[in-house]
Amino acid sequence: MKKTHSLVHYFLHDMKFKNKFMITHLILVLVPTLVVFLFLYGRLSHIITDNAIESEQALVSQTANTLEATVSRLRLAMDSITSMPFLSEATYTPDVYGYLSRQQDSQQALEFFSNINALIDHEFITAIQVYIPAGKKPEFHSPSFSGIIASTDEISGSYWHGIFDGQPESVSLLCPSFYLTKKELKQMGRLAYIQKFTNFANPQEECCYIAIYFSEAYLEEMLHSNLTSTNSVYYLVNSRNSLVASSNARLAGTYLKRYEAIPEAVGSTEEFATTTILDEALYMGYREINGTDWRLVSVIPVDSVFSESRQVLFNTAALYLLFVALACVTALLLAGNLAKRLSLVVEKINQNREKNLVRFEDNADKDEIGQLVFNYNAMVDRINQLMAEQTETAEKLKVSEVKALQAQINPHFLYNMLDMINWLAQSGKQKEVSLAVQTLSKFYKLTLSKKNITTPIREELRHVELYVKLQNMRYEDKISFLVDVPDEILDYEIPKLVLQPIVENAIQHGIFEKDSKEGSVVIMAWIDGPDIVFVISDDGAGISPEKLPHILDGSYEDGRGSNIGIYNTHLRLQLLYGKSYGLHYESTPAQGTEVQVRLPGIIYQNA
């Protein structure tokens, strides 16, 4: 009771009046809406489901009748062919092939082929063939014969011919595309009605066959035209569990049931039953197609049946939502100018959530909203000032971090070079020591000559050339170095000491790990959209697959160092340009390593 009293008190005294108007109007509209919606949902769902099932039963019967008429059309065509005198006389001749060869120019032959061609409409019946056991490919000078008469050798390996051989009592067969040869599918049609006939004058000879090929697309269009929803499917399956045709091959494959299991799942052919396939609830019905071994199956997802009722309910809900919108508009108007000004403040705050805040125009209002605007402007000024200071500080911090990482690389390289010069001095090579010191001086003069943390690509390549020169001085020109960089990218910027640590790593951990201590390093570059891509490749010892993932995460150890130069180079690039830039390693042991460096294409600006 106390809690209820507190809510009432909050609504009457503490809640903003704009919210009070909104809640009041929403209650007046939403409560009747929910009551009507719940009442209609149960009634409409039941009615629409019954109507949908009855409609689907009628459509399945209609489709089955159409299919039976189509099959009858095939049978009439077959009866027309088998009753032709020319074919009848041929079946009473011991040598069918010889008879056809002699009679191919006769009036009966011409009438025979004329009647067969009249049966081919290319829309439903696409071709007709008469297969005779000639023992070789029949050769006729009559064009009609060569188009209609063929040897049984052409179909001896087909699935349907095997069925006839295995079932001598079979006289006719309706063949899905699976039964036909590739040649039949390509040149004749994708479905066939085939009838066997025996040479009565020589019954021991191989049988002859009449094949009427017809269009699979014709059946598919017939099935598709009677669909009630995009998620439902019709399919024809024969007694050998072969799919004959379907309105949708993908859905037919998903919902396909075995021929003998269909009656068990559905029951009577006069009704639809619910079943489950792949955890999906379905309505399923079927019809036997008279004169065939086909069963026409109709499958409708339960969700599709309910979609119509849901659509009606959604339309009703949309109508009531319109009333809700009108109620909200009324509430806003009743709240008046005060609520409007307050909403503007909230809107301004929401608009500036992800960017610099924008002040309101100065106003002279002295009420609570005027005071709120005044304080909001003061807050915006202070926040913008702090954001500007934060941005400047972050930029300085980023540059400082990059310089600190760069400073870690310079001593690392210097230690190696001083060690080399010491070795030259101990060997008494005074000229080489002088040249090495001059070269090292030029290297650090280029590195330290400017305050910028970036440099033109041409100067970075010069750094690398000086480094390789120093290494070749020590190791007697063991390193072959090639640079293939187009002139148009030489004026783009690159952070200092990016390429040199990679080349150093290629030499120290790649080439010098080989038995020969010799090898080559190649640097290539190109423009890739808004970026510049470098590829540094070597033919060194390569990196093992288990060590490769640790090259760029700072955890790589090989017994001679921590790979800090490569790790710092990758980290510097990501600090400067973002996570999409940096280094990428690919390596094949005993063949070499390839390093890709991706940078944004920015023209160098001298500070």
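As a starting point, this report considers the structure included with it.

**Quick notes on the overall build of the protein**
If you tally the helices and strands in the protein, you get 17 helices and 17 strands. Across the 607 residues that make up the protein, the buried fraction comes to 43%. If you take every contact in the protein between residues at least 6 apart in sequence, the share linking residues at least 24 apart comes to 64%. Total accessible area computed for the protein in this model is approximately 32500 Å², and 55% of it derives from carbon and sulfur atoms.

**A word on helix 15 (residues 457-475)**
Because an α-helix completes one turn every 3.6 residues, residues spaced three or four positions apart along the sequence face the same direction. Taking 1.5 Å of rise per residue, 19 residues should cover 27 Å, and helix 15 covers 27 Å from first to last C-alpha, within 8% of that figure. All of the buried residues in helix 15 are Ile457, Glu460, Leu461, His463, Val464, Leu466, Tyr467, Val468, Leu470, Gln471, Asn472 and Met473. Directly beyond the C-terminal end of helix 15, a positive phi value near 55° is found at Glu476.

**Describing the packing of helix 15 against helix 16 (residues 499-509)**
Between helix 15 and helix 16, the least distance of the axes is 9 Å, while the angle of their chain directions is 30°. On the basis of the axis angle, helix 15 is roughly parallel to helix 16. For the element pair helix 15 and helix 16, the recorded crossing hand is right-handed. Facing helix 15, whose interface residues are Glu460, Leu461, Val464, Tyr467, Val468 and Gln471, helix 16 presents Leu499, Gln500, Val503, Glu504, Ile507 and Gln508. The residue makeup of the contact of helix 15 with helix 16, split by class, is 7 nonpolar, 3 polar and 2 charged.

**A short note on the packing of aromatic side chains**
For the structure on display, the rule yields 13 aromatic pairs. For the pair Phe112 and Phe113, a centre-to-centre distance of 5.0 Å together with 75° between the ring planes defines the contact as edge-to-face. The same class applies to Phe112 and to Phe113, which are both buried. Members of the aromatic cluster, connected to one another through ring pairs, are Tyr131, Trp160, Phe164 and Tyr209. Positioned above the aromatic ring of Tyr259 is the side chain of Arg295, whose terminal nitrogen or guanidinium carbon lies 3.9 Å from the ring centre.

**Some points on the packing of helix 16 against helix 17 (residues 564-577)**
Following both chains from N to C, one finds helix 16 and helix 17 inclined at 150°, their axes separated by 9 Å at the closest point. One way to sum up the angle between helix 16 and helix 17 is to call them roughly antiparallel. Regarding helix 16 and helix 17, the two cross each other, and that crossing is left-handed. Two secondary-structure elements touch here, helix 16 through Pro501, Ile502 and Asn505 and helix 17 through Gly565, Ile566 and Thr569.

**Observations regarding the pairing of strand 14 (residues 519-528)**
Remark: a regular strand shows side chains that alternate across the two faces of the sheet. For strand 12 (residues 479-484) and strand 14, the ladder comprises 6 bridges, and the chain directions are parallel. By the bridge assignment for strand 14, Val483 is matched with Ile523. Where strand 14 meets strand 15 (residues 531-538), 8 bridges bridge the pair, whose relative direction is antiparallel. Bridging from a neighbouring strand, Val522 pairs with Ser537 of strand 15. In this structure, the hairpin formed by strand 14 and strand 15 is closed by a connection of 2 residues, where Gly529 is found at a positive phi of approximately 65°.

**Some details on the sheet that holds strand 10 (residues 295-301)**
Pairing within the open sheet is antiparallel, and its 5 strands lie in the order 7-6-10-9-8. Every interior strand has two partners, whereas the edge strands, strand 7 (243-246) and strand 8 (273-277), have only one. Recorded for the sheet is a direction-independent mean angle of 35° between the axes of neighbouring strands. Direction of pairing for strand 9 (residues 280-288) relative to strand 10: antiparallel, over a ladder of 7 bridges.

**Comments concerning the sheet that holds strand 12**
Strands sit in the order 12-14-15-17-16 across an open sheet of 5 strands; the sheet is mixed. Two strands close off the open sheet at either side, each with one partner strand: strand 12 and strand 16 (582-588). Each strand of the sheet is rotated relative to its neighbour by a mean of 15°, with strand direction disregarded. Pairing geometry for strand 16 and strand 17 (residues 592-600), over 7 bridges, is antiparallel. Counted as the bridge partner of Ser587 is Thr593 from strand 17. With respect to the sheet, helix 15 is in contact with strand 12, strand 14 and strand 15, its orientation differing from that of strand 12 by roughly 170°. In this fold helix 17 packs onto strand 16 and strand 17, with an angle of close to 140° to the strand it touches most, strand 16.

**Points about the pairing of strand 10**
Across the 7 residues that make up strand 10, a large majority, 7, are buried. Alternating positions in strand 10 separate into two faces, Arg295, Val297, Val299 and Pro301 on one and Leu296, Ser298 and Ile300 on the other, with burial throughout. As paired elements, strand 6 (residues 233-237) and strand 10 share 5 bridges and run antiparallel to each other. In the strand pairing of strand 10, Leu236 is matched with Leu296. What sits between the antiparallel neighbours strand 9 and strand 10 is a turn of 6 residues, in which Gly291 has the positive phi angle 85°.

**A word on empty space enclosed by the protein**
This model, assessed by the stated rule, comprises 3 cavities of 30 Å³ or more. Roughly 70 Å³ of volume is contained in the second largest cavity. The wall of the second largest cavity is formed by Phe86, Leu87, Ala90, Val96, Leu100, Phe112, Val130, Ile132, Ile149, Phe197 and Cys208. Within the residue set of the lining of the second largest cavity, elements represented by two or more residues are helix 3 (85-91), helix 4 (96-103) and strand 1 (125-132). Sort the elements by how many residues they give to the lining of the second largest cavity and helix 3 lands first, with 3 residues. Of the residues contributing to the lining of the second largest cavity, the split by class is 11 nonpolar, no polar and no charged.

So, how was this worked out
Residues numbered from 1 in each chain as written. Predicted model: local features only at pLDDT ≥ 70, side-chain atom pairs only at ≥ 80, totals over all residues. Heavy atoms only, no water. Helix = DSSP H or I, 4+ residues; strand = E, 2+ residues; numbered from the N terminus. Buried < 20%, exposed > 50% of the residue type's maximum accessible area, 1.4 Å probe, protein only. Contact = heavy atoms within 4.5 Å. Areas by Shrake-Rupley, 256 points an atom, 1.4 Å probe, with all protein chains shown as cover. Expected span 1.5 Å × (residues − 1). Axes fitted to C-alpha atoms, helices over the stretch in contact; angles between N-to-C directions. Parallel < 35°, antiparallel > 145°, perpendicular 65-115°, else oblique. Left-handed = near helix turned anticlockwise from the far one by under 90°. Nonpolar A, V, L, I, M, F, W, Y, C, P; charged D, E, K, R; others polar. Phe/Tyr/Trp six-rings, centres within 6.5 Å; stacked < 30°, edge-to-face > 60°. Lys NZ or Arg CZ within 6 Å of the ring centre and 35° of its normal. Pairing = 2+ DSSP bridges. 1 Å grid on protein atoms, 1.4 Å probe; cavity = no way out; pocket = protein on both sides within 12 Å on 5 of 7 lines; lining within 4 Å. Points joined across faces, edges and corners; volume = space filled by probe spheres on them.

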